[in-house]
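Examination of the molecular architecture
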Amino acid sequence: VQLQASGGGLVQAGGSLRLSCAASGSTFSRYDMGWFRQAPGKEREFVAAISRSGGRTYYADSVKGRFTISRDNAKSTVYLQMNSLKPEDTAVYYCAARKGVLTIREYEYEYWGQGTLVTVSS
């Protein structure tokens, strides 16, 4: 499966952005999907994940209550709605896909998009 992330940009603290990740090349509904991010000078970290049906979601504590992951299997797209953004949310955001049990572990994701940059100004 090929993944294409989009929707990043520059936003002021307290603002919102919605990231999208469009999948192609395989049956989207067979994959659990995750969002990860990498801030400058830091390791990539888990943000959110959603099961194939959309019935289960996981969130990092740092984004819980502010970010919402969702998916539209008919459009082969996963979304990350980000509200109440903070400067510490500044990072390159990556979407990823895997088959199997829903997980937050980065190394278990097999397919990765190219990343989209989110910059939150204070």
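Residues numbered from 1 in each chain as written. Predicted model: local features only at pLDDT ≥ 70, side-chain atom pairs only at ≥ 80, totals over all residues. Heavy atoms only, no water.

**Considerations on unusual backbone geometry**
One non-glycine residue, Ser 76, lies in positive phi territory at about 55°. One non-glycine residue with positive phi stands out, namely Ser 84, at about 50°. Within the secondary structure layout, Ser 84 lies in the loop between strand 8 (77-82) and strand 9 (91-98). The exposure class of Ser 84 is partly exposed, given its relative accessible area of 41%. (Helix = DSSP H or I, 4+ residues; strand = E, 2+ residues; numbered from the N terminus. Buried < 20%, exposed > 50% of the residue type's maximum accessible area, 1.4 Å probe, protein only.)

**What about the sheet that holds strand 7 (residues 67-72)?**
Strand order across the open sheet formed by four strands is 1-3-8-7, with antiparallel pairing between neighbours. A single partner strand is all that each edge strand has here, and the edge strands are strand 1 (2-6) and strand 7. Across this sheet, the average inter-strand angle for adjacent strands is 15°, counted without regard to direction. Taken together, the six bridges between strand 3 (residues 17-24) and strand 8 define a ladder with antiparallel strand orientation. Each bridged residue has a counterpart across the sheet, and for Arg 18 the counterpart in strand 8 is Gln 81. (Pairing = 2+ DSSP bridges. Axes fitted to C-alpha atoms, helices over the stretch in contact; angles between N-to-C directions.)

**Considerations on the pattern of salt bridges**
All chains considered together, the criterion is met by eight salt bridges. The partner of Arg 52 in a salt bridge is Asp 32, with the nearest N and O atoms 3.6 Å apart. Taken together, the residues Arg 52 in the loop between strand 5 (45-50) and strand 6 (57-59) and Asp 32 in strand 4 (residues 32-38) connect sequence positions 20 residues apart. Residue classification places Arg 52 among the partly exposed positions, given a relative accessible area of 37%. Of the residues examined, Asp 32 reaches a relative accessible area of 1% and is grouped as buried. Of the charged contacts in the structure, one is a salt bridge between Glu 45 and Arg 37, with a shortest N-O distance of 2.7 Å. Its relative accessible area of 36% is what places Glu 45 among the partly exposed residues. Residues joined in a network through salt bridges with shared partners are Arg 37, Glu 45, Arg 66 and Asp 89. (Salt bridge = Lys/Arg side-chain N within 4 Å of Asp/Glu carboxyl O.)

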